[in-house]
Amino acid sequence: MSRTREILERSPTAWGVGLALLGAVFFSGKAIVVKLAYAYPVDATTLLAMRMLLSFPLFLAAWAYTTWRNPGSEKLKPKDWALIVSAGLLGYYLASLFDFMGLQYITAGLERLILFTYPSLVLLITCCIQQRWPQLWQLMCMVISYLGLALVYGHETVLTSENTALGVVLVFASAICYASYLVVGESLLKRLGTVRVTSMATLVSAIAIFVQVSLQQPLSTLLDQPLPVWGWSLVNAVFCTFVPVFAVMTAISLIGASRVSQLGMVGPISTIALGTWILNEPFTPWHAAGTALVIAGVALLTLKKQHRTGVQA
């Protein structure tokens, strides 16, 4: 670990930028991998269970390592456990389940654009909790983003399946769950550490999906899946889940959350490019215009908020 830290400290900015970009691209590749797995007869619940089964030991090891490295870390209170369970069910179980289900009906590019609007949902949830209205500039940013989504959605209903609306609803539900997870887990992440909370929340979600699968079908069904499905699930678990989580966290420690957030805006572009190249998904001038509006709206919302609150890169 000391050798790794020494390498990172030699050129922290370059490493931070590289890790942030890697995390954004790998995270965005999840939709592509799920789509490739759907080429085989597998449902969303089974596919998610396979992903969690393969990532479970990785996050368990991360949690154990963090506990070993920080023996004097703050003890968890019953309220903390309740919040971690809530965070795991919202952010890694329900959000992932709705996302996987939605990807059966819409393109990977549209899915990524919907999920990319989660900062606006965090804002709305926070405003509801604090019983206040968003500011005018915040509403304008959201209008820009959702106009872009409407543009892409309207064009995809012409080019893709008749179940596009169902897919949009499911992925939007995923975005709401993820935004709720961020609101619920914000204080925990700051107080207990990202690695610790993320690892434990992921373990909670793994248990939840295993319980669901066991109620729907024998767990042995997982072993009957074709080898390519296991291969894509392994890629999903390692390179689209575990690796980007720690890449982004390391990048934040090197260059700050503000710059990592800015670099993360390559995510939708990466997904759309990969979807067009690998999955032959449609990409027209209407898609380009809608994507530009979504990214512009989210960028204005997040960057102006960081400027007003004095966040430093």
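That block above? That's the structure.
Quick caveat: nothing in here was measured; it's all calculated off a predicted structure. (Residues numbered from 1 in each chain as written. Predicted model: local features only at pLDDT ≥ 70, side-chain atom pairs only at ≥ 80, totals over all residues. Heavy atoms only, no water.)

## Re the packing of aromatic side chains
For step 1, the next point in the chain: Under the counting rule described, the total for this entry stands at eight aromatic pairs.
For step 2, the next point in the chain: Ring centres of Tyr 65 and Trp 68 lie 5.9 Å apart, and the angle between their planes is 45°; on these two criteria the pair is classed as tilted. With a gap of three residues between them, Tyr 65 and Trp 68 both fall in helix H4 (residues 44-69), about one helical turn apart.
For step 3, the next point in the chain: In this structure Tyr 65 comes out as partly exposed when scored by relative accessible area, which is 33%.
For step 4, the next point in the chain: Note on Phe 242 and Phe 246: the rings are 4.7 Å apart at their centroids and 50° apart in plane angle, and the pair reads as tilted. Placement of both Phe 242 and Phe 246 in helix H11 (residues 227-255) is noted, with a separation of four residues, approximately one turn of the helix.
For step 5, the next point in the chain: Taken together, the ring pairs in this structure connect Tyr 92, Tyr 118, Tyr 178 and Tyr 181 into an aromatic cluster. (Phe/Tyr/Trp six-rings, centres within 6.5 Å; stacked < 30°, edge-to-face > 60°. Helix = DSSP H or I, 4+ residues; strand = E, 2+ residues; numbered from the N terminus. Buried < 20%, exposed > 50% of the residue type's maximum accessible area, 1.4 Å probe, protein only.)

## A word on the side chain of Glu 156
For step 1, the next point in the chain: Following the sequence through the fold, Glu 156 ends up in helix H8 (residues 136-159).
For step 2, the next point in the chain: At 8.0 Å, Lys 35 is the nearest oppositely charged side chain to Glu 156, a buried residue that forms no salt bridge.
For step 3, the next point in the chain: A distance of 2.6 Å separates polar atoms of two side chains, one belonging to Glu 156 and the other to Thr 107.
For step 4, the next point in the chain: If near-sequence neighbours (up to four positions away) are discounted, Glu 156 is found in contact with Thr 107, Leu 110, Thr 164 and His 287. (Lys, Arg positive; Asp, Glu negative; His and termini not counted. Salt bridge = Lys/Arg side-chain N within 4 Å of Asp/Glu carboxyl O. Polar contact = N/O pair within 3.5 Å; in protein donor to acceptor, adjacent residues only side chain to side chain. Contact = heavy atoms within 4.5 Å.)

## Regarding the packing of helix H6 (residues 108-116) against helix H13 (residues 266-278)
For step 1, the next point in the chain: One way to put it is that H6 packs onto H13 with a least axis distance of 8 Å and a crossing angle of 170°. With respect to H13, the element H6 is oriented roughly antiparallel. In this structure, H6 contributes Ala 108, Gly 109, Arg 112, Leu 113 and Phe 116 to the contact, and H13 contributes Gly 267, Pro 268, Thr 271 and Ile 272.
For step 2, the next point in the chain: When the residues that make up the contact of H6 with H13 are grouped by side-chain class, the tally is five nonpolar, three polar and one charged. (Axes fitted to C-alpha atoms, helices over the stretch in contact; angles between N-to-C directions. Parallel < 35°, antiparallel > 145°, perpendicular 65-115°, else oblique. Nonpolar A, V, L, I, M, F, W, Y, C, P; charged D, E, K, R; others polar.)

## Thoughts on unusual backbone geometry
For step 1, the next point in the chain: Look at Gln 131: it is not a glycine, yet its phi comes out positive at around 55°.
For step 2, the next point in the chain: Judged by relative accessible area, Gln 131 falls into the exposed class, the value being 76%.
For step 3, the next point in the chain: Backbone geometry places Asn 280, a non-glycine residue, at a positive phi of 60°.
For step 4, the next point in the chain: Structurally, the position occupied by Asn 280 is in the loop between H13 and helix H14 (285-308).
For step 5, the next point in the chain: Given a relative accessible area of 66%, Asn 280 falls into the exposed group.

Don't take any of this as a statement about function, it's just geometry.
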